[in-house]
Amino acid sequence: MYRGAAFGLITALTLTACGGGGGSDDDPLAGGDGGGGGNAIVVGSANFPENQLLAEIYSQALEGKGLKVTRKFDIGAREVYYDQVVKGGIDVLPEYNGALLTVAVDKNSTATSTEDINAELKEKLPSSVEILDSAAAEDKDSVTVTAETAAKYNLKTLADLKPVAGDMTLGAGSEFKTRVQGGVGLKKVYGVDFGKFQPLDAGAQTTLVKLLKDGKVQAANLYTTDPAIVADKLVVLEDPKNLFASQNVTPLVYKDAVNDKAKDALDAVSAKLTTEDLLEMMKKLVNDKEDADTVAKDWLTSAGLAG
């Protein structure tokens, strides 16, 4: 899931002035002290609502432990913000481990499981940065059906589609048909070959959900944190063979600026955050129009992590 690539790059950044969480005036990229000695931890985000929400959760979790935070949200795509973390302009950023690996670190990687992806990241990331614990929460590609379709064909996993997919239409972005993590992989890994394919332009998730609900397509490639999944009681089919690479929410941090107290606060978030939690929060954020800071605070309170 390369959500960041769907947004334009920001061409002018002033984040280096943040000093990697409060470095010296002589070296604005010098590491800070994890917010514990007067310097603020700089928490950044990409420029889409879910990532900004996650960054707000991280920020409030750090503040709940008495650490100072500077928010630098809505930065841009991974091509921009990744270098800022590596150089110390940003200290903490919510990442998705699979996309981080294949977009920024090793484009030739074939790792798909959480364990394999994280092992490669720990081996291949620049020495200035590291990943912390991954959450169970993911925002990844899926094949999703309505509750009625799932009940009709007794669908629980992608493998269950094999005997019935020939009579179904799959709706997805046009590129999905020829991707290994898409139509090609569905046939190779699960033996699933849909009878028809309905291509849509990238980002047409709302249209895709409507087509699914109206029965114009019987299966759809949705992101697993699309709020429509909760709102419309859709069923995400399980992927036991990891066709779609894991995209666990994972903090990427600048080592010199994040101390053990800060790491513990961030790891505590990862220990509690699930995909279901993220789905519910995105529903509140997108459908119910609640503020991100309120949604973040409510979740931290419910998870027992509020300061």
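For the structure itself, consult the block above.
These numbers come from a predicted model, not from an experiment.

A.B. asks: Tell me what's going on with unusual backbone geometry, and back it up with residues and numbers.
C.D. replies: With phi around 60°, D74 is a residue other than glycine that occupies positive phi space. Residue placement: D74 occurs in the loop between β2 (69-72) and α3 (78-87). A relative accessible area of 42% places D74 in the partly exposed class. Positioned with a positive phi, N242 is a non-glycine residue whose angle comes to about 55°.

A.B. asks: So what about the pairing of strand β6 (residues 169-173)? Which residues, and what values?
C.D. replies: Counting buried positions along β6 gives five out of five residues, so the element sits mostly inside the fold. As paired strands, β6 and strand β7 (residues 196-200) are joined by five bridges and run parallel to one another. Its bridge partner lying in β7, L170 is registered against F197. With respect to chirality, the unit in which β6 leads through helix α7 (residues 183-190) into the neighbouring parallel β7 is right-handed. By the bridge criterion, two bridges tie β6 to strand β8 (residues 219-223) in an arrangement that is parallel. The residue bridging L170 from the neighbouring strand is A219, located in β8.

A.B. asks: Tell me about the packing of aromatic side chains, and please be specific about residues and values.
C.D. replies: The tally for this structure, following the rule as stated, stands at two aromatic pairs. Ring centres of F48 and Y96 lie 6.2 Å apart, and the angle between their planes is 25°; on these two criteria the pair is classed as stacked. Residue F48 is located in the loop between β1 (41-44) and α2 (49-63), and its partner Y96 is located in strand β3 (residues 92-96); the two are separated by 48 residues in the primary sequence. The same class applies to F48 as to Y96, namely buried.

A.B. asks: Can you tell me about the packing of helix α11 (residues 275-287) against helix α12 (residues 292-302), naming the residues and giving the values?
C.D. replies: Where α11 contacts α12, the two axes come as close as 10 Å, and the packing angle between them is 150°. By the angle class used here, α11 and α12 are roughly antiparallel. Between α11 and α12 the crossing geometry is right-handed. Contact with α11, carried on its side by D277, M281, K284 and L285, involves A292, V295 and W299 of α12 and no other residues of that element.

A.B. asks: How would you explain the nonpolar core if you had to name every residue and give the values?
C.D. replies: In this structure, L62, V249 and W299 are the most contacted members of the largest nonpolar core, which totals 55 residues. Of the residues forming this core, the biggest block, seven residues, is contributed by α2. With near-sequence residues (within four places) excluded, W299 lies in contact with I57, V269, K272, L273, D277, M281 and L305.

Reading the values: rules and limits
- Residues numbered from 1 in each chain as written.
- Predicted model: local features only at pLDDT ≥ 70, side-chain atom pairs only at ≥ 80, totals over all residues.
- Heavy atoms only, no water.
- Helix = DSSP H or I, 4+ residues; strand = E, 2+ residues; numbered from the N terminus.
- Buried < 20%, exposed > 50% of the residue type's maximum accessible area, 1.4 Å probe, protein only.
- Pairing = 2+ DSSP bridges.
- Right-handed = clockwise from strand over helix to strand, strands pointing away.
- Phe/Tyr/Trp six-rings, centres within 6.5 Å; stacked < 30°, edge-to-face > 60°.
- Axes fitted to C-alpha atoms, helices over the stretch in contact; angles between N-to-C directions.
- Parallel < 35°, antiparallel > 145°, perpendicular 65-115°, else oblique.
- Left-handed = near helix turned anticlockwise from the far one by under 90°.
- Contact = heavy atoms within 4.5 Å.
- Core = buried A, V, L, I, M, F, W, Y, C linked by side-chain atoms within 4.5 Å.

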